[in-house]
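Each chain, written out:
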Amino acid sequence: MTTTSYAHVTDPEHLVVDQEPLPEPGAAQVVVRIRYTGICGTDVHGFQSPSFLPAAVFGHEWTGTVVATGADVRGVEVGQRVVASVGPACGSCAHCVAGFTDTCELAFQEANGIDPAAPPHGAFAEHVVVDQRRVQPVLDGLTDEQAGLVEPTAVTFHAVRRAGQRLGAVVVVQGAGPIGLLTAQHARHAGARVVVVVEPNPARRATATALGFADVLEPGEAFRARLDELTAGRGADVLYECTGAPALLQPSAELVRRGGVLALLGYPLTGSEVSYGDWQSRQLTVVGSLAYTHDDFVGAMGAIVSGAVDVDALHTSTVGLGDLGRVLAELGSGSTTETKVLVDPAR
Ligand SMILES: [Zn+2]
Ligand SMILES: [Zn+2]
């Protein structure tokens, strides 16, 4: 019997690579041979606290080639390169029936690995078996490495669209990890007059500078002075919070001008005290953003192909499944020099 490998976390900070029989697809399923899976902050949380994460989400940023399809699968063929996605609005859940197709319950569940067809493990694996809804063809012109970076590009594309950023906006991107670096590029593509990137880690600031951002600063006085200079002291039109640090929530809001937008991308693991009255009296618009819709993947892939978003600059190394535990521990240490690590299960 042919077997295939997959990694899973059995206990906090304890990763095991196991074998399973190479699965057969169900009628609506496809089997994907994984080419690359990106490591994300969510995976690091899952490594540290496995109970936090649905199993299918551990390794959710993947690309690969379809190697088998179920009897009812149409429009996806063996040999096709695909990326992990969510399906289009299902048309039959309570949200879709009410016309709120952008918040389809099934697509939400798929994005969070809790849909009825969610696989028993994620894509830190040689193969995954998923519902055909969960794959989209890779746009021509994308390399395999770029395809491995589409998922976080879609997350950030979704957030910048949701923020309703206006042409000519003064934008602050807080945090220059992968999500911040991608958000900054989408914000520039969306017509920001200036994008100020604020980040304490010098290696990450250097990446932002290499991506062509002129205003890349560490948190503190010089950053505040630059923002005041750009806005005559009003504050940012839009601030994208990409760190998820709960203690930064209220200070972030205070960098936004009266009537501006506070867009939340970083996911906080605890509650946070904020000044509700400040947000109310300054009429802030707070935009929450999580995951994506099906069409965000088309937009994200197009942004990479057109050159508006450079994902290659984010890709710092590639490792095999055998090195995954070590890399997750390093990424969780807080002192990493990596930006985006891809896992190649064939290594
Ligand atoms: Zn992710
Ligand atoms: Zn639906």
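Now for a quick tour of the structure. (Residues numbered from 1 in each chain as written. Chains lettered and ligands numbered in written order. Predicted model: local features only at pLDDT ≥ 70, side-chain atom pairs only at ≥ 80, totals over all residues. Heavy atoms only, no water.)

1. Some words on the coordination of the zinc ion (ligand 2)
Here is step 1: Distances from the zinc ion (ligand 2) to its protein donors, namely Cys 90 (SG), Cys 93 (SG), Cys 96 (SG) and Cys 104 (SG), fall within the range 2.4 Å.
Here is step 2: Bound by four donor atoms, the zinc ion (ligand 2) shows angles of 105 to 118° at the metal and therefore tetrahedral coordination geometry.
Here is step 3: Sequence positions of the donors to the zinc ion (ligand 2) reduce to the motif C-x2-C-x2-C-x7-C.
Here is step 4: Taking the relative accessible area as the measure of exposure, Cys 104 reaches 2% and is therefore buried. (Donors = N, O, S within 2.8 Å, 3.2 Å for Na, K, Ca; no water. Tetrahedral: all angles 85-135°; square planar, octahedral: opposite > 155°, others 65-115°. Buried < 20%, exposed > 50% of the residue type's maximum accessible area, 1.4 Å probe, protein only.)

2. Looking at the nonpolar core
Here is step 1: Counting residues in each nonpolar core, the largest one holds 52 residues, and the members touching the most others are Val 171, Val 195, Val 197, Tyr 240 and Tyr 292.
Here is step 2: Looking at this core, the elements with two or more residues in it are α3 (105-111), α5 (150-163), β8 (170-174), α6 (178-189), β9 (194-198), β11 (236-241), β12 (256-264) and α11 (294-306).
Here is step 3: Among the elements that take part in this core, α5 stands out by supplying seven residues, more than any other.
Here is step 4: Residue contacts for Val 197: discarding those within four places in its chain leaves Val 173, Ala 176, Ala 184, Ala 208, Phe 213, Asp 215, Val 216 and Leu 217.
Here is step 5: Of all hydrophobic cores here, the second largest spans 18 residues; its members include Ala 7, Val 9, Leu 53 and Leu 321. (Core = buried A, V, L, I, M, F, W, Y, C linked by side-chain atoms within 4.5 Å. Helix = DSSP H or I, 4+ residues; strand = E, 2+ residues; numbered from the N terminus. Contact = heavy atoms within 4.5 Å.)

3. Observations regarding the layout of surface pockets
Here is step 1: Reported here for the second largest pocket is a volume of approximately 340 Å³.
Here is step 2: As for the second largest pocket, its lining consists of 17 residues, of which Asp 102, Thr 103, His 158, Leu 290 and Thr 293 are closest to the centre.
Here is step 3: Breaking the lining of the second largest pocket down by element, the ones donating at least two residues are α3, α5 and α11.
Here is step 4: Its residues assigned to classes, the lining of the second largest pocket comprises seven nonpolar, five polar and five charged. (1 Å grid on protein atoms, 1.4 Å probe; cavity = no way out; pocket = protein on both sides within 12 Å on 5 of 7 lines; lining within 4 Å. Points joined across faces, edges and corners; volume = space filled by probe spheres on them. Nonpolar A, V, L, I, M, F, W, Y, C, P; charged D, E, K, R; others polar.)

4. Comments concerning the pairing of strand β3 (residues 29-38)
Here is step 1: Along β3, seven of the 10 residues are buried, which leaves the element largely enclosed by surrounding structure.
Here is step 2: Both β3 and strand β6 (residues 127-131) contribute to a ladder of five bridges, which runs antiparallel. For Val 32, the partnering residue across the bridge sits in β6 and is Val 128.
Here is step 3: As paired strands, β3 and strand β4 (residues 61-69) are joined by eight bridges and run antiparallel to one another. Pairing of Val 32 across the sheet is with Val 66, part of β4. (Pairing = 2+ DSSP bridges.)

5. What to know about the coordination of the zinc ion (ligand 1)
Here is step 1: Listed as protein donors to the zinc ion (ligand 1) are Cys 40 (SG), His 60 (NE2) and Glu 61 (OE); their distances from the metal cover 2.1 to 2.4 Å.
Here is step 2: In terms of primary sequence, the donors binding the zinc ion (ligand 1) are separated according to C-x19-H-E. Linking Cys 40 in the loop between β3 and α1 (41-48) with Glu 61 in strand β4, this pair joins segments that are 21 residues apart in sequence.
Here is step 3: Under the relative-accessibility criterion, Cys 40 is labelled buried at 13%.

6. Describing α1
Here is step 1: Residues of α1 that are buried: Asp 43, Val 44, Gly 46 and Phe 47. Down the axis of α1, the buried set is contained in an arc of 160°. They therefore lie on one face.
Here is step 2: Elements that come into contact with the buried residues of α1 comprise β1 (3-11), β2 (14-21), β3 and α12 (324-332). (Arc of directions from axis to C-beta.)

7. Points about the packing of aromatic side chains
Geometrically, a pair of aromatic rings is defined through the distance of the ring centres and the angle of the planes.
Here is step 1: On inspection of all chains with the given rule, the structure shows two aromatic pairs.
Here is step 2: Summarising the aromatic geometry, the rings of Tyr 292 and Phe 297 are spaced 4.6 Å apart at their centres and angled 65° between planes, so their arrangement reads as edge-to-face. Of the two residues examined, Tyr 292 and Phe 297, each falls in the buried class. (Phe/Tyr/Trp six-rings, centres within 6.5 Å; stacked < 30°, edge-to-face > 60°.)

8. Quick word on the sheet that holds β9
Here is step 1: An order of β10-β9-β8-β11-β12-β13 is seen for the six strands of this open sheet, with the pairing classed as parallel. Of all strands in the sheet, those bounded by a partner on one side alone are β10 (215-217) and β13 (285-288). With strand direction ignored, the average angle separating the axes of adjacent strands in the sheet is 15°.
Here is step 2: Sheet topology places β11 next to β12; five bridges connect them, and they run parallel. Bridged to Val 238 within β12 is Val 261.
Here is step 3: Against the sheet, helix α8 (residues 221-231) makes contact with β8, β9, β10 and β11, and its axis sits at roughly 160° relative to β8, the strand it touches most. (Axes fitted to C-alpha atoms, helices over the stretch in contact; angles between N-to-C directions.)

9. Here's the deal with a nonpolar patch on the surface
Here is step 1: A grouping of Phe 52, Phe 108, Ile 114, Tyr 267, Leu 269 and Leu 290 is seen on the molecular surface, where their side chains present a nonpolar patch of about 620 Å² in accessible area.
Here is step 2: Mapping Leu 269 onto the fold places it in the loop between β12 and α10 (276-281).
Here is step 3: Using a relative accessible area of 49% as the deciding quantity, one classes Leu 269 as partly exposed. (Patch = residues over 30% accessible without salt bridge, like charges linked within 9 Å, V, L, I, M, F, W, Y side chains within 5 Å. Areas by Shrake-Rupley, 256 points an atom, 1.4 Å probe, with all protein chains shown as cover. Salt bridge = Lys/Arg side-chain N within 4 Å of Asp/Glu carboxyl O.)

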